[in-house]
Amino acid sequence: MSSGDYLRFLRALHGGKDFFSIEEETGIPSGLMRQIEQRYRAVGDEATLRKLAEYYGVPPEEVLWRHEWSRARLTFALEDAMRDDVPIRLNLRTGESFTGKVQWVDLAATCLKVGDREIIVQRHWVDTWELLRPEGESSSEEDASPPSSATGEEGA
Amino acid sequence: MYNLWEIRKRKGMSLKDLAARTGIPQEKLLAYEQGKEPIPYSDLPRLAKALYVEEWEIKTLSDPPPQRKSHPGRSRGQQKRGKGGRRGKPQRSRPRRVPPPPSPARETQLAHLRQLAPAVGKTVEEIEQMVGKPLDQLTRREASRLLFQLQEILRERKQQAKQEGAHNRKRAYLPEGVDRFELEYLTQLQEKALPVRFHLFDGSEVVGAIVGFGPYSITVRTDETETTLNKLAIAWYTLEGGVQ
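Here we summarise the structure given alongside this text. All residue numbers refer to positions counted from 1 along the written sequence of the respective chain. All chains are assigned letters beginning at A, and all ligands numbers beginning at 1, according to the order in which they are written. Given that this is a predicted model, residues contribute local features only at a pLDDT of at least 70 and side-chain atom pairs are listed and counted only at 80 or more, while totals for whole chains, interfaces and linings are drawn from all residues. Hydrogen atoms and water are omitted, and side-chain values are computed over all heavy atoms in the structure.

1. What about the overall build of chain B?
To qualify as a helix, a DSSP run of H or I must reach at least 4 residues; to qualify as a strand, a run of E must reach at least 2; elements of each kind are numbered from the N terminus. From N to C terminus, chain B includes nine helices and five strands. To sort residues, take the accessible area from a 1.4 Å probe on protein chains only and compare it with the maximum for the residue type: under 20% means buried, over 50% means exposed, and anything in between is partly exposed. For chain B, the residues scored as buried account for 30% of the 244 residues in total. We call two residues in contact whenever any of their non-hydrogen atoms come within 4.5 Å of each other. If you take every contact in chain B between residues at least 6 apart in sequence, the share linking residues at least 24 apart comes to 47%. Summing over all exposed atoms, chain B offers an accessible surface of approximately 17,200 Å²; the carbon and sulfur share of this is 50%. Each accessible area is a Shrake-Rupley estimate made with a 1.4 Å probe; only the visible protein chains count as cover when residues are assessed.

In structure tokens:
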């Protein structure tokens, strides 16, 4: 999970406050929260991420190491799965796991066809993922997500 | 009695005007005015009528008009006329000014050319062969033209690469800033008014028909109550009972 998705997940756990309120409380520049959460590239410097980690009460490292992974990584994996028509497994932070074919990919959500059901998964709940290519097909490094935690500690 | 040319000038008429009014050719009128030919009686009435005078007022054989004296202060061009009596361009006593030699290309132009050469896949030597001289011998205008040519080539290549890139795109367009698919999906669900199961972050579930939604929330009717769910709190949702 990227730092953007992770911070969005933390915001959800903390009552889903709006960007403006959090920016005001943490003193980070206005508009930056939205960019951090929604941009595909990694946005925000270390000081900002530390402030947000402190605000959400998680170790800064939990946010910082995820900053290496842009939000685009999950999008790329979903796009690849859709293009190659291969199933993808999404492991959610709720403990659930869905395996299915991607129907569409959006900014904040993706649609998986699981059996005869269409499941809309909000991407900030996707912890890890894996493209399930048929055996023999080469897989790229973007097929799989980074480990769910670098420190082994989960803030939430 | 007056000379024909006197009357014509007094009336402010040109030879051409008089020719037009009388139907007598200009050459003929000129010959009458210069006294080279007497005015025949057949032409007198027409001339008198055109000049609003009596016939007897016109001398049948005019005295030649006085030669125009050249003014010492006048320019050379006004004294001498071109062949055939037409006004020619003023003659120059001084030779025509030789145009200055073309300016050499600016250093910035040359630097730009050297920079552009590899960008269009050519060496500086190839560019010099193309123009037939070393770059530092180019004139400013030549350098400007060459720069334009190279920029055109570069522009075409970029366009081509862009088109090829569009075909070979490995990644689909990243829908940054839009939630088009989800909004379309929610719209369909709302229109169908079918029950949707929302699984929230704390493990709880809400089942109901969508009655409205925005970028950040979805309002669901459950039995007799309406619940607005923050999209942040939703982990996933699906149509109750599978695809309809």
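2. A word on the overall build of chain A
The secondary structure content of chain A amounts to six helices and five strands. For chain A, the α and β elements follow one another from N to C terminus as α-α-α-α-α-α-β-β-β-β-β. In chain A, of all internal contacts separated by at least 6 residues, the share reaching a separation of at least 24 is 56%. If you sum the accessible surface of chain A, you get close to 6,500 Å²; carbon and sulfur atoms cover 46% of it.

3. Describing the packing of helix H2 (residues 15-22) of chain B against helix H4 (residues 44-51) of chain B
Residues and elements named next belong to chain B. In this analysis, axes come from line fits to C-alpha atoms, helices being fitted only over the stretch in contact, and the angle between any two N-to-C directions falls in the range 0 to 180 degrees. For the pair H2 and H4, interaxial distance at closest approach is 9 Å and the crossing angle is 120°. Considering the angle they form, H2 stands oblique to H4. Judged by the sense of rotation from one axis to the other, the crossing of H2 with H4 is right-handed. Here H2 contributes Leu18, Arg21 and Thr22 to the contact with H4, which in turn contributes Arg46, Leu47, Ala50 and Leu51. What sets the label is the angle itself: under 35 degrees gives roughly parallel, over 145 gives roughly antiparallel, 65 to 115 gives roughly perpendicular, and the rest give oblique. Here a crossing is taken to be left-handed if its near helix is turned anticlockwise relative to the far helix by less than a right angle, and right-handed if that turn runs clockwise.

4. Comments concerning the pairing of strand S3 (residues 217-222) of chain B
Residue and element names in this part refer to chain B. The pairing criterion is simple: DSSP has to find at least two bridges between the two strands. As defined by bridge partners, strand S2 (residues 205-213) adjoins S3 across four bridges and the pair is classed as antiparallel. Within S3, the position partnered with Phe213 by the bridge is Ile218. Two successive antiparallel strands, S2 and S3, enclose a turn made up of three residues. Pairing geometry for S3 and strand S4 (residues 225-230), over six bridges, is antiparallel. Each bridged residue has a counterpart across the sheet, and for Thr222 the counterpart in S4 is Thr225. Linking two consecutive strands that pair antiparallel, namely S3 and S4, is a turn of two residues; a positive phi of about 55° is found at Asp223 within it.

5. What to know about helix H6 (residues 72-84) of chain A
All names here are of chain A. Here the expected span of a helix is defined as 1.5 Å times the quantity of residues minus one. Taking 1.5 Å per residue, 13 residues should reach 18 Å; H6 reaches 18 Å between its end C-alpha atoms and fits that length. Of all the positions in H6, only Ala72, Arg73, Leu74, Thr75, Phe76, Ala77, Leu78, Glu79, Asp80 and Ala81 are classed as buried. Asp85 sits one or two positions beyond H6 and adopts a positive phi of about 55°.

6. Remarks on unusual backbone geometry
Residue and element names in this part refer to chain B. Phi is positive for Ala193, which is not a glycine, with a value near 55°. Looking at where Ala193 falls in the secondary structure, it is placed in the loop between helix H9 (180-192) and strand S1 (195-200). One non-glycine residue, Asp223, adopts positive backbone phi at about 55°. Structurally, Asp223 is set in the loop between S3 and S4. Since its relative accessible area comes to 78%, Asp223 is described here as exposed.

7. Regarding the environment of Thr22 of chain B
Residue and element names in this part refer to chain B. Inspection of the secondary structure assignment puts Thr22 in helix H2. The class for Thr22 is buried, based on a relative accessible area of 6%. Counting along the chain gives 26 residues from Thr22 to Ala48, while the straight-line C-alpha distance between them is 9.3 Å. Other than its neighbours up to four places away in sequence, Thr22 contacts Leu29, Arg46, Leu47 and Ala50.

8. A short note on the packing of aromatic side chains
When the centres of two rings from Phe, Tyr and Trp lie within 6.5 Å, Trp using its six-membered ring, the rings pair. Their planes under 30 degrees apart give stacked, over 60 give edge-to-face, and anything left gives tilted. Enumeration according to the criterion identifies eight aromatic pairs over all chains in this entry. Measuring from ring centre to ring centre gives 5.1 Å for Phe198 of chain B and Tyr237 of chain B, while their planes differ by 40°; the resulting arrangement is tilted. Remark: Tyr237 of chain B occurs in strand S5 (residues 234-239) and Phe198 of chain B occurs in strand S1; sequence separation between them is 39 residues. By relative accessible area, which is 0% here, Phe198 of chain B ends up buried. Overall, Tyr237 of chain B belongs to the buried group, its relative accessible area being 0%. Here a set of aromatic residues connected by ring pairs shows up, and it is made of Tyr6, Phe9 and Trp125 of chain A together with Phe201 of chain B. Counting as a charge over the ring demands two things of the Lys NZ or Arg CZ atom: a distance within 6 Å of the ring centre and an angle within 35 degrees of the ring normal. Over the ring of Phe9 of chain A we find Arg93 of chain A; its NZ or CZ atom is 4.3 Å from the centre of that ring.

9. Details of the nonpolar core
Among the nonpolar cores identified, the biggest contains 41 residues, and Leu7, Ile88, Leu90, Leu92 and Val121 of chain A are the most heavily contacted of them. Here this core takes five residues from helix H1 (residues 3-13) of chain A, the largest share from any one element. Beyond its immediate stretch of four places on either side in the chain, Leu90 of chain A contacts Leu74, Leu78, Glu96, Ser97, Phe98, Thr110, Leu112, Val121, Val126, Thr128 and Trp129 of chain A. In this text, buried Ala, Val, Leu, Ile, Met, Phe, Trp, Tyr and Cys residues form a nonpolar core when linked through side-chain atoms within 4.5 Å. Core analysis: the next-biggest nonpolar cluster, separate from the first, contains 18 residues, Ile120 of chain A together with Leu229, Ile234 and Tyr237 of chain B among them.

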